[in-house]
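Summary of the model geometry
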Amino acid sequence: DDVKSLNPDWNPSKIGMDEELDKETKKAMARYNAAVHQTANAIAKRAFLKYLDNLPEDKKTVLVTNGGCAAGKGSSLSKTTKPGDPHYGMLPAAEQVGAIWDAAGEQNATENTWIYEECQKRGIKATFTYVWADPKDTWDAPDRGVIRRAISKGRMVDARLFADSYALGAKNMKDFVDKYQGKPGVEFIFLDNRSKAGAKLI
């Protein structure tokens, strides 16, 4: 989203992602999200590799998130350092790793092999996480989901892309785990986030 915000079609008001969005910007983000997603993703990938090339020796670790759209990947990560929150301590904190690839659900866990191989080239350990949630809730629940996020932040995901992120994303993640479990420099964390109030490690 930070890369998308550089695009004036997606972000006509040039508002930062942590700022209050105006109506025009929300509308543009909903309209153009799918159109700008892949270009933004490609730019983010190039920047990520440049960042990996400069990781200090004591930070040669990468945390990678996976899961369906609005499953709670980013929010689980942000809450892992908050004592009292159900997500506390479930994932490595941002300051414990050298880099984070907070994958978009729309990528359907297809980036994992690329990230693993790039990390191996650089002697970097990669921790791959999968956040599991119920797509019936993450589409439109009263307190979470794609529809709620679109209302508050403007970013909307196409229904087909959303469905694929849960069906294909889970299948691709399983295939990746089956192939790479036990290989050097890789570990896996699975998180059940069906209930945000009762999140747990699997």
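Look a little higher up for the structure.
Residues numbered from 1 in each chain as written. Predicted model: local features only at pLDDT ≥ 70, side-chain atom pairs only at ≥ 80, totals over all residues. Heavy atoms only, no water.

1. Digging into the nonpolar core
A general tendency of soluble globular proteins is for nonpolar side chains to be buried together. Among the nonpolar cores identified, the biggest contains 23 residues, and L52, V62, C119, F128, M173 and F188 are the most heavily contacted of them. Only α1 (23-52), β1 (61-67), β2 (99-102), α3 (112-121), β3 (125-132), α6 (159-180) and β4 (186-192) provide two or more residues apiece to this core. Examining the composition of this core, we find that four residues originate from one element, α6, more than from any other. Once you skip the residues sitting within four places of it in the chain, F128 turns out to touch V64, N66, N112, I115, Y116, M173, F176, V186, E187, F188 and I189. If you look at the next biggest cluster of nonpolar residues, it comprises 17 residues, including A71, V157, F162 and A199. (Core = buried A, V, L, I, M, F, W, Y, C linked by side-chain atoms within 4.5 Å. Buried < 20%, exposed > 50% of the residue type's maximum accessible area, 1.4 Å probe, protein only. Helix = DSSP H or I, 4+ residues; strand = E, 2+ residues; numbered from the N terminus. Contact = heavy atoms within 4.5 Å.)

2. Points about the sheet that holds β2
Backbone-to-backbone hydrogen bonds join strands into a sheet, with any given pair of strands oriented parallel or antiparallel. In spatial order, the strands read β2-β1-β3-β4-β5; together these five strands make up an open sheet with mixed pairing. Both edges of this open sheet fall to β2 and β5 (200-201), since each of them pairs with a single strand only. In terms of strand pairing, β4 meets β5 through two bridges, oriented antiparallel. Paired with L191 across the strands is L201, a residue of β5. Packing against the sheet, α1 makes contact with β1 and β2, and its axis sits at approximately 165° to β2. (Pairing = 2+ DSSP bridges. Axes fitted to C-alpha atoms, helices over the stretch in contact; angles between N-to-C directions.)

3. Quick notes on the packing of aromatic side chains
Counted under the stated rule, the structure contains eleven aromatic pairs. Put simply, the rings of Y116, F128, F176, Y180, F188 and F190 touch in pairs and so form one group of aromatic residues. Over the ring of W114 we find K45, and its NZ or CZ is 5.2 Å from the ring centre. (Phe/Tyr/Trp six-rings, centres within 6.5 Å; stacked < 30°, edge-to-face > 60°. Lys NZ or Arg CZ within 6 Å of the ring centre and 35° of its normal.)

4. Points about the pairing of β3
Strand residues, when the strand is regular, have side chains that alternate between the two faces of the sheet. For β3, the tally of buried residues reaches six of eight residues, placing the bulk of the element in the interior. Summarising the sheet, β1 and β3 pair through seven bridges and their orientation is parallel. Within β3, the residue paired with G67 across the bridge is V131. Of the strand pairs in this sheet, β3 and β4 are connected by seven bridges, and their pairing is parallel. From the neighbouring strand, W132 faces β4, where its bridge partner is D192.

5. Looking at empty space enclosed by the protein
In this structure the tally under the stated criterion is one cavity of 30 Å³ or more. The calculated volume of the largest cavity comes to roughly 40 Å³. Taken together, the residues that form the lining of the largest cavity break down as three nonpolar, seven polar and no charged. (1 Å grid on protein atoms, 1.4 Å probe; cavity = no way out; pocket = protein on both sides within 12 Å on 5 of 7 lines; lining within 4 Å. Points joined across faces, edges and corners; volume = space filled by probe spheres on them. Nonpolar A, V, L, I, M, F, W, Y, C, P; charged D, E, K, R; others polar.)

In short, shape yes, function no, at least from these values alone.
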